[in-house]
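Each chain, letter by letter, is given below.
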Amino acid sequence: MRRLLIRACFIRALTIVLVLLMLPLPDWATCGGGGGGGGGGVSRGGAVGAPGLPSEQETYPVPWRQRKPEDPPLAKGLVVYWFPTGVNEFQHSSLRNSRTLALYASQCVSMEVADVRSPSGQKFASDAKLPIAVLAQADGTVIGKAENKDGFLRVNQVELLLENEMKRREETLKAQLKEAKEKEKSGDTQGAIPLYRSVLDQKCLFPSQAKNAAKALKKLGVEDVGEINDGPVFDPAKSAAIERTMRRGLAAELQANYPQAERWYAKARRMDPADPAPLRYLGELYRHDIGDWDKARGAFNEILAMPADPLSRAVALHGLGKMTVHDGAFKAGLALMEKSVETYPLPLAYRNLAVYWNSEGDAAKTDHYVEEALALEPTDPYNVVFAAVFKAASGHSDEALNIARKNEALLPASYNLAAIYAQAGQKEKALALLKRHFFEYERYQAVRSKEMMEARVDFVFASLREDPLFVALTSGADGRLPLPNGGSPGARAMN
């Protein structure tokens, strides 16, 4: 790899899947810390709740995504198409958060959002009064629609649309199981097996019914059925209890009470072992906040081994990639992060890909991944600070310092504030803010040691690299990432 050159990472205002607006703003974390992970791996960026702060109510973000022309067509399952009126509705809609929709996304139900001018919009909603949601089969056959009421489309309307169709299909499968059972009892084994197989084929949408079919097939001597796990909990009362537990976990995490957050997330995990969300939150808590990477790897690998929604899988792949890069296996880490954004587009993964290719000196790939991140990430107050890091790196120190002074109270931005002051030549202030980041913002030595190592190789602190006070401040660095003059510099990944 070439000499490590890390520039500040930056983000633009939301164009999200509708791609309507682009303004140059930075991201939740620059190349050295101050946020960007934890909280289930999803930056909420102020779309709901307090500006810039994740809301403890948003524990089940729905993995809405925009279908690109190069994406392969859906071969099976169902699709919920959401056509909002624009960016503002998308940011503030109740459709952004739903345990029901998030769980169905683990069961071959694709969640797609699009502009009405897109091909899917022209097909399904060209004459509709927006906003509207359309439920369709993979082949494009429309099943039903959820239309707005007085200009508002609410999440319970979409949930009900999908739930009714799932119940209808489940009743059909139950009837098939009953018919197969009657044939089996009458001795018509050859007639029963195809019926059981037809139910088994629906294992992605209906794992519980498929499990019953698999059990019956094995009893009849059919061996190629595999193991089918139970589906997630959809019972309204139990689901509400799980959501309350997850909200308590996220509230504790936002208050930096990580042991308490771990207990709540683990409890939610026990309440529904088929729900990937508690595992995702646990994995990010271990990786980003606590620094127990063995537990993080365990959680992420468990997600990849179970039926999981694309967002959860992407977070798991990114987390594994981040840790793999830090451990020095750069190409393997790169492959995991590339697979992450193929699975579901996470701004955090795009940023790490941009940082990787920047360290390789590939400007074209760097710009490509930065642009991908810019198209997805919403604005939040911290972004201004992170943009100032880039301004400082570009020689606009006065403007960057003005922004830094106005936002100095932002504890999670301490690393980035330090980067601004360091590039402006104000060593004492930079060191004070780095100390605040390492010993006030970070709570665990396992995390602190990794970020100290990252600071040692971060380009924004090049002016401090030989300073005895900086060396002493980062003396707890874990030594995984090599120094720029230490032989084989590696890609510098963010949180």
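This one's a predicted model, so the numbers in the text were calculated from it and none came from an experiment.

Chemist: Tell me about the state of the cysteines, and name the residues and values.
Modeler: Summed over the entire model, instances satisfying the criterion amount to 1 disulfide. What pairs with C108 in a disulfide is C204, and their sulfur atoms sit 1.8 Å apart. In this structure the cystine formed by C108 and C204 twists about its S-S bond by roughly 100°; its chirality is therefore right-handed. Taken as a pair, C108 in the loop between α2 (99-104) and β2 (109-113) and C204 in the loop between α5 (189-200) and α6 (207-219) lie far apart in primary sequence, 96 residues in all.

Chemist: Quick rundown of the packing of aromatic side chains? Include the residues and the values.
Modeler: The geometry of an aromatic ring pair is captured by the separation of the ring centres together with the interplanar angle, meaning the angle of the planes. Counted according to the given criterion, the structure contains 10 aromatic pairs. Judged by centre distance (4.4 Å) and plane angle (20°), the ring pair of Y104 and F234 falls under stacked. Placement of the pair is Y104 in helix α2 and F234 in the loop between α6 and α7 (236-254), with a sequence separation of 130 residues. Relative to F470, the ring of F461 lies with its centre 6.1 Å away and its plane at 35°, an arrangement referred to as tilted. Exposure class is identical for F461 and F470. Each is buried. Across the ring face of Y421, the terminal group of K429 is positioned such that the distance to the ring centre comes to 5.9 Å. Cation over ring: K450 sits above W293, and NZ or CZ is 4.3 Å from the ring centre.

Chemist: Residue-level account of unusual backbone geometry, with values.
Modeler: The peptide bond linking L130 to P131 adopts the cis configuration, its omega dihedral lying at 0°. Residue placement: P131 occurs in the loop between α3 (119-124) and β3 (132-137). Of note in this structure, C108 is not a glycine but carries a positive phi near 60°. With a phi close to 60°, D150 is a non-glycine residue in the positive phi region. A relative accessible area of 77% means that D150 is categorised as exposed.

Chemist: With reference to specific residues and values, describe the packing of helix α9 (residues 276-290) against helix α10 (residues 293-304).
Modeler: Helix-helix packing is described using two parameters, namely the angle between the two axes and the distance between the axes. For the pair α9 and α10, the least separation of the axes is 8 Å and the interaxial angle reads 155°. Accordingly, the angle class assigned to the pair α9 and α10 is roughly antiparallel. Note on packing geometry: the crossing formed by α9 with α10 is left-handed. Where α9 approaches α10, its residues P276, L279, R280, G283, E284, Y286 and R287 are matched on the opposing element by W293, K295, A296, A299, F300, E302 and I303. Here the residues of the contact of α9 with α10 sort into 8 nonpolar, 1 polar and 5 charged.

Chemist: Talk me through the pattern of salt bridges; I want residue IDs and the actual numbers.
Modeler: Scanning all chains against the criterion turns up 19 salt bridges. A salt bridge links K183 to D188, with the shortest nitrogen-to-oxygen separation between them at 3.8 Å. Note on K183: relative accessible area 27%, which makes it partly exposed. Measuring nitrogen to oxygen at the nearest pair gives 3.0 Å for the salt bridge that ties D467 to K427. Here the residue D467 occupies a position in the loop between α19 (445-457) and α20 (468-473), and K427 occupies one in helix α18 (residues 427-441), the gap between them amounting to 40 residues. Residue D467 is classed as buried on the basis of its relative accessible area of 13%. Salt bridges linked by common partners bring R99, D272 and D275 together as one network.

Chemist: Mind laying out the pairing of strand β4 (residues 142-147), listing which residues take part and the relevant values?
Modeler: Relative to β4, β3 runs antiparallel, the two sharing 5 bridges. Across the sheet, residue V134 finds its bridge partner in β4, namely K145. The loop that links β3 with its antiparallel partner β4 comprises 4 residues; one of these, G140, has a positive phi angle of about 100°.

Chemist: Please give an account of the packing of α5 against α6 that cites residues and values.
Modeler: Viewed as axis vectors pointing N to C, α5 and α6 meet at an angle of 145°, and their least axial separation amounts to 8 Å. The hand of the α5/α6 crossing is left-handed. Judged by residue contacts, I193, Y196, R197, V199 and L200 of α5 engage Q209, A210, A213, A214, A216 and L217 from α6. By residue class, the composition of the contact of α5 with α6 is 9 nonpolar, 1 polar and 1 charged.

Chemist: Which residues make up the confidence of the model for the protein chain, and what values do they have?
Modeler: Within the protein chain, residue pLDDT values average 83, and 82% of them lie at 70 or more. Within the model, pLDDT remains below 50 along residues 1-35, and this stretch shows 167 contacts once partners closer than five positions in the same chain are excluded. With pLDDT under 50 throughout, residues 44-54 is counted as low confidence; its partners more than four residues away or in other chains account for 32 contacts.

Chemist: I'd like to hear about the sheet that holds β4, residue by residue, with values.
Modeler: With respect to topology, 4 strands assemble into an open sheet ordered β2-β1-β3-β4, the strand pairing being mixed. Every interior strand has two partners, whereas the edge strands, β2 and β4, have only one. This sheet shows a mean twist of 15° between the axes of neighbouring strands, independent of strand direction. Where helix α4 (residues 155-185) meets the sheet, it contacts β1 (78-83), β2, β3 and β4, and its direction lies at approximately 155° from that of β4.

Chemist: Can you lay out the nonpolar core for me, pointing to particular residues and giving the numbers?
Modeler: With 47 residues, the main nonpolar core has M246, Y265 and F300 as its most contacted residues. Where this core is concerned, the elements lending two or more residues are α7, α8 (258-271), α9, α10, α11 (310-326), α12 (330-343) and α13 (347-359). Residues within four places of Y265 in sequence aside, it is in contact with M246, G249, L250, E253, P278, Y281, L282 and L285. Core analysis: the next-biggest nonpolar cluster, separate from the first, contains 42 residues, F90, A133, V155 and L200 among them.

Chemist: Can you break down the pairing of β3 residue by residue, with the values?
Modeler: Counted residue by residue, β3 has 5 buried out of 6 residues, so it is predominantly covered. As paired strands, β1 and β3 are joined by 6 bridges and run antiparallel to one another. If you follow Y81 over to β3, its bridge partner there is V134.

Chemist: Give me helix α16 (residues 397-406): which residues, what numbers.
Modeler: Considered for burial, the residues of α16 that qualify are A400, L401, I403 and A404. Take α16 and look down its axis: the buried residues cluster within an arc of 160°, on one side only. Residues of α16 that are exposed and point over 90 degrees away from its buried face: D398 and K406.

Calculation criteria
Residues numbered from 1 in each chain as written. Predicted model: local features only at pLDDT ≥ 70, side-chain atom pairs only at ≥ 80, totals over all residues. Heavy atoms only, no water. Disulfide = S-S within 2.5 Å. Helix = DSSP H or I, 4+ residues; strand = E, 2+ residues; numbered from the N terminus. Phe/Tyr/Trp six-rings, centres within 6.5 Å; stacked < 30°, edge-to-face > 60°. Buried < 20%, exposed > 50% of the residue type's maximum accessible area, 1.4 Å probe, protein only. Lys NZ or Arg CZ within 6 Å of the ring centre and 35° of its normal. Axes fitted to C-alpha atoms, helices over the stretch in contact; angles between N-to-C directions. Parallel < 35°, antiparallel > 145°, perpendicular 65-115°, else oblique. Left-handed = near helix turned anticlockwise from the far one by under 90°. Contact = heavy atoms within 4.5 Å. Nonpolar A, V, L, I, M, F, W, Y, C, P; charged D, E, K, R; others polar. Salt bridge = Lys/Arg side-chain N within 4 Å of Asp/Glu carboxyl O. Pairing = 2+ DSSP bridges. pLDDT = per-residue confidence, 0-100. Core = buried A, V, L, I, M, F, W, Y, C linked by side-chain atoms within 4.5 Å. Arc of directions from axis to C-beta.

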